[in-house]
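# Topology and contacts: notes
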Amino acid sequence: TPGQLTDSVAEFCVAQLISINRGIFSSTTMTDNSVSKMKQVTGTKIGIVGMGEIGSRVSQILSSAFKCEIFYTSRTAKPDIEQRDNAVFVDFVTLLHTCDSILFTVTQTPETTGMFNWKMIESITTPISIVNISRPTTLDTTAVVIGLQEGKISSITYDKFYDEGT
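The present account deals with the structure reproduced in this document.

Reading guide: rules and limits
Residues numbered from 1 in each chain as written. Predicted model: local features only at pLDDT ≥ 70, side-chain atom pairs only at ≥ 80, totals over all residues. Heavy atoms only, no water. Axes fitted to C-alpha atoms, helices over the stretch in contact; angles between N-to-C directions. Helix = DSSP H or I, 4+ residues; strand = E, 2+ residues; numbered from the N terminus. Parallel < 35°, antiparallel > 145°, perpendicular 65-115°, else oblique. Left-handed = near helix turned anticlockwise from the far one by under 90°. Contact = heavy atoms within 4.5 Å. Nonpolar A, V, L, I, M, F, W, Y, C, P; charged D, E, K, R; others polar. Pairing = 2+ DSSP bridges.

Turning our attention to the packing of helix 1 (residues 6–22) against helix 3 (residues 53–65). Relative orientation of the contacting elements helix 1 and helix 3 amounts to 55°, with a least axis distance of 9 Å. When the axes of helix 1 and helix 3 are compared, the pair comes out oblique. The two elements helix 1 and helix 3 meet at a crossing, and its hand is right-handed. Along its contact with helix 1, which presents Thr-6, Asp-7, Val-9, Ala-10, Cys-13, Val-14 and Leu-17, the element helix 3 presents Glu-53, Ile-54, Arg-57, Val-58, Ile-61 and Leu-62. Partitioning the contact of helix 1 with helix 3 into residue classes produces nine nonpolar, one polar and three charged.

This is the structure:
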């Protein structure tokens, strides 16, 4: 439903980002030690993969409400979004190397299926959190496991789960 749920999906994406960085779902068992591991979202570097309607709205929310630095990759540069949100158009590898959190908001195409793969893990220099509101197949499961095992992915959330047929 293009154009109909943009705000709802964008808000969900931002909520997922806050949740995984602040440990909201584990807050009932929080200890002083777990508090020190939490990361705030305000002022961080956010990478958005896919700057369509949803990515654009997420960028607007994070840049205005949370003063985040926005980096993005997309098929084409978006000068209007760059102007509005002070966003920077970069390639995917630079995004992984630069940002604290990566948000996947792409549609499923042959080019986006498995776009985050084991080769991309090499580009991550500091642990990142990942929010994937795209299809689960955007991220290769092997890459995710390797990233988590190597500590290159600090946290990850999907809005859908892997199952047969996805």
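Here Asp-85 shows up in helix 4 (residues 79–85). Residue contacts for Asp-85: discarding those within four places in its chain leaves Ser-56, Ser-59, Gln-60 and Ser-63.

A separate point is the sheet that holds strand 5 (residues 128–132). If you trace the six strands from one edge of the open sheet to the other, you get 3-2-1-4-5-6, paired in parallel fashion. The open sheet has two free edges, formed respectively by strand 3 (88–89) and strand 6 (153–158), since each of these has just one partner strand. Two elements, strand 5 and strand 6, share five bridges in a ladder whose sense is parallel. When the bridges of strand 6 are listed, Ile-128 appears paired with Ile-153. Lying on the sheet, helix 3 is in contact with strand 1 (45–49), strand 2 (69–73) and strand 4 (101–104); it crosses strand 1 at an angle near 170°.

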